[in-house]
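Given next are the chains, with one letter for each unit.
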Amino acid sequence: MSDTRADVTAHAGTDRPGFPQHWLADVLASDGGVVHLRPILPEDAEAIVKFHTELSDRSRYLRYFGPHPRLSDREVQHEVVVDHRNRVALVLVLGGEIIGVGRYERIMDDQGSRSAEVAFVVSDSHQSRGLGSILLEHLAGAAAENGIETFIAEVLAENRGMIMVFREAGYQIKRSLDGSVMHLEFAIDPTDALLTVRESRERASEARSVRNLLAPRSVAVIGASATTGKVGRAVLDNLLAAGFTGPVFPVNANNASVRGVRAYATVRDIPDDVDLAVIAVPPDAIGGVLDDCLAKGVKGLVVLTAGFAELGTPVGVEAEQNLIHEARGHGMRVVGPSALGIANNDPAVSLNATLANVLPARGRIGFFCQSGPLGATILAEAAQRGVGVSTFVSAGNRADVSGNDVLQYWDADPDTDVVLLYIESFGNPRKFSRIGRRLARTKPVVVVSGGREPRAAASSARLRVQRDLFAESGMIQVESIIGLFDCAVLLGYQPLPAGPRVVVIGNTAALCRMAVDAAEADGLDPVDVVNLGPEGTPDDYASAIAAAVSDDRIDAALVIFSPPLVIDADRFATAIKQASAGSPKPILTSFAGLSGMPDALAVLDEAGVPTKGSIPSYLDPLRAAGALARVRRYADWRSRPVSNVVRPDGVDTENARALVADWLTAAPEGRWLDDLEAVHLLACFGIQIVEFREVNSAAEAVAAAEELGYPVAAKATGEMWRRRIDLDGVRLDLTSPESVEVGYTDLATISGHSLVHVQTMAAKGIGCTLSVGDDPAFGSVIAFGLSGVIMDLLDDRAYRALPLTQESAKELIDSPRTAPLLDGHGHTAPVDKGALVDLASRISAMCDDIPDVRQLICEPVLASAAGAGVIYARVRIGPETTRVDLGPRRLR
């Protein structure tokens, strides 16, 4: 691939001391196009002069408050030579050309130099793409790192565009007018309003970028073969067969035409614009093809070619990284590589740029998957079951376009009502959870998570983490592709159940009993069974369904039709369909061995496509009950009020950050805090460890006990003594100096260490544990359960993603199987669960505010009617992992 100027300047200087490499970013403009953002470099002098010269007179006037046709040598040096701290400049690059510049300069004032003047300008041809907002976001991020709290801007009052950028950014701006100049001043702390604006813009730009791929005006197939059975031929055949509404351009250097369509030697030779290029050439030919696409100005790529990172080799990984770097450097997004392709069944588009042999008919269900072969299976299964598809994306290696991007698109897509996902990994788990939670409020999301490792290799704890985090986000998790479609046919065509109460209607006692047992096992409430017997008629079915629909005691009906003899089943299907018409309650069937959306039970629209009111059928009542139970749990989640993250009182984040920064300065690689350091850090968030003293002699132990007040506990230090079942490392309820002396001597002897803790005896209670750690799939996760080795063996823990909302904190405490013990059991009194919820919220706030906290363990926490006493806590700090979801917008 060509070594464009963008490549040189993107990497030049990154090995210099102080170069902020983490400021490099690919970002999406408001129109969905990609631009590259990076700090300015001295090598940019010539490019800056060119950028300035090509600005219109009007743009230069608004930026410099007067005519400024050229930059002096001194001004050029001032522009490109910065220290990345007090003077910062960022540039936006597209196709090797600078298209935008933003900068701030610290103001040396009496306020501790925490203010900076900010300014930016965007080339005329790229204005109105939201690039000013992007520069402002990233400048604010850089300024915050450098201790700057306030931005100041001087803007001509007539520069409405610039003023609008500041006004709509979400900052609280103070304004004053001095003649023709507007003075703006605002704090750059990320307020809720600013984060809301940022998220809204991210959502819109990502949705637009996917829409650009799924609704192209023209498509080129690069590698379109004249030989049947080749990848390039297969995708060309599918595009033509689907009736794509725009022109299709085969690219084949050896043939004048393919399938009777004029072919071109390269994409450069195509006389018209090309929006989307589908690439089906060998890996070693990708470089030249990409150069042609870049030169042609192609807007998006679908790379079907395999042989990249999926090989697991350094060469494959590097080739994939180069592919994405080149494509983004020229404003393009990429689906793949190793993708099955993309499809859009909207009649205004009719795009089938996939390798699938079968594409389902039009419908209102969107599909996303990573695996190409599995994507073909999914589409075939959908077609077989009569499930209609709105759009389909197989992302392959997911090197660029990911499930998060497509979720953003479906959130705004009026043609998609239900979303199905097959995912193997989470590129940005925090963002996935956030988008999924928002989308699930209006559109059901059904997920099957495969993973590249055999499922047996996953630990039971990991599977529980997945289960809990999907449930928290409102996403319906299933175990298989069959389960995916069992839920899809119910969600896509029937209303959500208002409750768990279900009536079973059938003509065989055995199957009715099976349905009742399955419903009860899945948490449904079978309130009635209507067994019509083998002699049941279509009218009997119609009457039973009509009664169920009008009965306020019933939320759903499961209808079983299993004829004992060969009879005309269509009459029964017609009766069931007519009786169910307009029902506000879901009706589902197990109908004579039919699966999916059979024609006999479908309600068709004008185009002959199954629509709302169609009745799904399942091969057996167990699967029907399982699907209804999952959908019922989703409906219950969706009916709950939206819960927000609530900041606890008494939080001193600034002091906590200063403490952690000092500790990391001395140990940049990170370390476990000692016990007293952990106490100081936790106290910043209102988390108090039950008071203790560190002692190194029996005399110090007695003095500590006198100071704390009897009774006290003495505890050996060191991990091996903390959680022993035999409690050899602990002496409890010491009530006199003599007992403290003996206790200290015993513990120092058996541990071989003079350091012992003397601690106030906490109120007796139920031992619990709260911990935070990094899950490789989902990011930072908080866990709660009862404490002790036995609970570890049972692995009875509940998990939630951070940060916790008020509702998710309560659910966390109530979710372990042993949680009912907290409500009182036998002769024990209920504990103060509110204190546990508050503690979980404070831990969440700490780990969210201080991402350098990599691991935290509070155990035991003694929960009682008097509160929750934290007996011991361990904290590990270290360099934070990349958290691109929290900073300025960027592509991962």
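Residues numbered from 1 in each chain as written. Predicted model: local features only at pLDDT ≥ 70, side-chain atom pairs only at ≥ 80, totals over all residues. Heavy atoms only, no water.

## A few points about the confidence of the model for the chain
Line of reasoning, step 1. Chain-level pLDDT for the chain is 90 on average; 95% of the residues reach the 70-or-more range.
Line of reasoning, step 2. Contacts of residues 1–13 to residues separated by more than four positions or lying in other chains number 31 contacts, the stretch itself having pLDDT below 50.
Line of reasoning, step 3. Scored below 50 in pLDDT, residues 452–458 makes 7 contacts in the model with residues more than four places away or belonging to other chains. (pLDDT = per-residue confidence, 0-100. Contact = heavy atoms within 4.5 Å.)

## Some details on the packing of helix α2 (residues 45–54) against helix α4 (residues 73–80)
Line of reasoning, step 1. At a closest axis distance of 10 Å, the pairing of α2 and α4 adopts a crossing angle of 110°. In terms of orientation, α2 and α4 fall into the roughly perpendicular class. Crossing of α2 against α4: the hand is right-handed. Residue-level contacts link Ala45, Ile48 and Val49 of α2 to Val76, Glu79 and Val80 of α4.
Line of reasoning, step 2. Among the residues making up the contact of α2 with α4, the classes are represented as 5 nonpolar, no polar and 1 charged. (Axes fitted to C-alpha atoms, helices over the stretch in contact; angles between N-to-C directions. Helix = DSSP H or I, 4+ residues; strand = E, 2+ residues; numbered from the N terminus. Parallel < 35°, antiparallel > 145°, perpendicular 65-115°, else oblique. Left-handed = near helix turned anticlockwise from the far one by under 90°. Nonpolar A, V, L, I, M, F, W, Y, C, P; charged D, E, K, R; others polar.)

## Quick word on unusual backbone geometry
Line of reasoning, step 1. Omega for the bond connecting Leu802 with Pro803 falls within 30 degrees of zero, at 0°, which places this linkage in the cis form.
Line of reasoning, step 2. Structurally, Pro803 can be placed in the loop between β34 (798–801) and α25 (806–814).
Line of reasoning, step 3. A cis geometry characterises the amide bond from Glu859 onward to Pro860, with omega recorded as 0°.
Line of reasoning, step 4. Of note, Pro860 is situated in strand β35 (residues 853–864).
Line of reasoning, step 5. Although it is not a glycine, Ser350 sits at a positive phi angle of roughly 50°.

## Observations concerning the nonpolar core
For soluble globular proteins, the rule of thumb is that nonpolar side chains tend to be buried together.
Line of reasoning, step 1. With 52 residues, the main nonpolar core has Phe367, Phe392, Leu420, Val446, Phe485, Leu491 and Leu558 as its most contacted residues.
Line of reasoning, step 2. At 9 residues, the largest contribution of residues to this core is made by helix α15 (residues 481–493).
Line of reasoning, step 3. Counting residues in each nonpolar core, the second largest holds 50 residues, with Leu214, Val302, Val335 and Ala801 among its members. (Core = buried A, V, L, I, M, F, W, Y, C linked by side-chain atoms within 4.5 Å. Buried < 20%, exposed > 50% of the residue type's maximum accessible area, 1.4 Å probe, protein only.)

## Concerning the sheet that holds strand β16 (residues 341–344)
Through backbone hydrogen bonds, the strands of a sheet pair up, either in parallel or in antiparallel fashion.
Line of reasoning, step 1. Spatially, 7 strands are ordered β17-β16-β19-β18-β20-β21-β22 in an open sheet, and the strand pairing comes out mixed. Each edge of the open sheet carries a strand with a single partner, namely β17 (351–354) and β22 (476–478). Neighbour to neighbour, the strand axes of the sheet diverge by 20° on average, direction disregarded.
Line of reasoning, step 2. Sheet topology note: the strand β18 (residues 362–369)/strand β20 (residues 418–423) ladder contains 5 bridges and is parallel. The residue bridging Ile365 from the neighbouring strand is Val418, located in β20.
Line of reasoning, step 3. Contacting β18, β20, β21 (445–449) and β22, α15 crosses the sheet at an angle of about 170° to β20. (Pairing = 2+ DSSP bridges.)

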